[in-house]
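# An overview of the molecular structure
Spelled out, the chains give:
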Amino acid sequence: MSNKLTEKKVDDLIETLNALICEDDLLNREQRENMVRTVAVLGGLQERLRVISASKGARKQAKADKIKKPREPDIVFPRTGKIWIQEESETIRSIIDDIPDHDINNHILWLSEKLGRTPYAIAVKIVSEGRMDEEWTKTWKEAAKEIRERQAAAAAEEQLPDTSTSDK
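Residues numbered from 1 in each chain as written. Predicted model: local features only at pLDDT ≥ 70, side-chain atom pairs only at ≥ 80, totals over all residues. Heavy atoms only, no water.

## Some details on the environment of Trp140
One can find Trp140 in the loop between helix H6 (134-137) and helix H7 (143-159). Residue classification places Trp140 among the buried residues on the basis of a relative accessible area of 10%. Residues Trp140 and Leu109, 31 residues apart in the sequence, show an inter-C-alpha distance of 9.6 Å. With sequence-adjacent residues up to four places away left out, Trp140 is seen in contact with Asn105, Ile108, Leu109, Pro119, Tyr120 and Ala123. (Helix = DSSP H or I, 4+ residues; strand = E, 2+ residues; numbered from the N terminus. Buried < 20%, exposed > 50% of the residue type's maximum accessible area, 1.4 Å probe, protein only. Contact = heavy atoms within 4.5 Å.)

Structure (structure tokens):
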């Protein structure tokens with residue numbers, strides 16, 4: 001059995017102890033001093049409970065006030081952040097079932113492009129299917145970033161005017 005300590009319970013306890021302290025014939029001097037110390041400790045605990053309660057309220061309010069910005073579409077991996085559909089999982093299963101573990105790496109980038117998912121997401125999905133271990137997925141963590149950078153560089157290069165041919 002557990003009782004949750006609330007501000008109300010601490011208030012009631014402090015009130016009761018103060019009432020006992022104020023009774024003249026009930027406690028001797030040593031008992032009264034111990035009760036006063038106890039009330040002081042409870043006062044500190046009460047303040048701590050108020051601070052915790054206030055900070056929880058402030059966090060809840062901040063979370064409620066926070067404007068969630070919409071996710072920008074990923075041009076390179078359009079299915080990023082979307083829930084996996086059964087067809088995607090079946091595609092991965094059908095391809096990796098016949099491939100030995102040491103050859104799976106050779107198919108990650110192709111699967112990534114075909115399914116519109118990051119190579120890391122494909123690797124995590126393969127691990128969730130019982131193939132490979134979680135440590136293996138770390139090798140694919142940076143691959144999406146590198147692919148995006150290459151794509152951005154290629155797009156920027158396409159936008160540059162062609163200066164190799166000049167009219168004479």
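On we go.
## Details of the packing of helix H1 (residues 7-22) against helix H2 (residues 29-65)
Their axes nearest at 10 Å, the elements H1 and H2 cross at an angle of 160°. Of the possible angle classes, the one that applies to H1 and H2 is roughly antiparallel. Relative to H2, H1 is oriented so that their crossing is left-handed. In contact with Glu7, Val10, Asp11, Leu13, Ile14, Leu17, Asn18, Leu20 and Ile21 of H1, H2 contributes Arg32, Met35, Val36, Thr38, Val39, Leu42, Gly43, Leu45, Gln46, Leu49, Arg50 and Ser53. Class assignment for the residues of the contact of H1 with H2 results in 12 nonpolar, five polar and four charged. (Axes fitted to C-alpha atoms, helices over the stretch in contact; angles between N-to-C directions. Parallel < 35°, antiparallel > 145°, perpendicular 65-115°, else oblique. Left-handed = near helix turned anticlockwise from the far one by under 90°. Nonpolar A, V, L, I, M, F, W, Y, C, P; charged D, E, K, R; others polar.)

## A short note on the layout of surface pockets
Empty pockets left among the atoms are what a rolling probe the size of a water molecule brings to light. In this structure, the largest pocket encloses a volume near 160 Å³. Together, Val76, Phe77, Leu109, Ser112, Glu113, Ile147, Arg150 and Gln151 line the largest pocket. At the level of elements, helix H4 (105-115) and H7 are the ones that each hand at least two residues to the lining of the largest pocket. Each residue belonging to the lining of the largest pocket can be placed in one class, and the counts come to four nonpolar, two polar and two charged. (1 Å grid on protein atoms, 1.4 Å probe; cavity = no way out; pocket = protein on both sides within 12 Å on 5 of 7 lines; lining within 4 Å. Points joined across faces, edges and corners; volume = space filled by probe spheres on them.)

## Here's the deal with unusual backbone geometry
In the Ramachandran plot, Met132 falls in the positive-phi region, its phi being about 65° despite a non-glycine side chain. As for its position among the elements, Met132 is in the loop between helix H5 (119-128) and H6. Here Met132 falls in the partly exposed class, since its relative accessible area comes to 24%.

## Examining the packing of aromatic side chains
The tally for this structure, following the rule as stated, stands at zero aromatic pairs. Lying over the aromatic face of Trp84, Arg117 brings its terminal NZ or CZ to 4.2 Å of the ring centre. Above the face of the Tyr120 ring, Lys141 is positioned so that its terminal group lies 4.2 Å from the ring centre. (Phe/Tyr/Trp six-rings, centres within 6.5 Å; stacked < 30°, edge-to-face > 60°. Lys NZ or Arg CZ within 6 Å of the ring centre and 35° of its normal.)

## Notes on the side chain of Lys125
Looking at where Lys125 falls in the secondary structure, it is placed in helix H5. Although Lys125 lies buried, it forms no salt bridge, and the closest oppositely charged side chain, Glu129, sits 4.7 Å away as judged by the N-O distance. (Lys, Arg positive; Asp, Glu negative; His and termini not counted. Salt bridge = Lys/Arg side-chain N within 4 Å of Asp/Glu carboxyl O.)

## A short note on the nonpolar core
Core analysis: the largest hydrophobic core is formed by 15 residues, its most contacted members being Ile92, Ile108, Leu111, Ile122, Ile126 and Trp136. The set of elements that each furnish at least two residues to this core consists of helix H3 (86-96), H4 and H5. Residue contacts for Ile122: discarding those within four places in its chain leaves Trp84, Ile92, Ile108, Leu111, Ser112, Leu115 and Arg117. Residues Val10, Val39, Leu42 and Leu49 belong to the second largest nonpolar core, which totals nine residues. (Core = buried A, V, L, I, M, F, W, Y, C linked by side-chain atoms within 4.5 Å.)

By themselves these figures say nothing about function.
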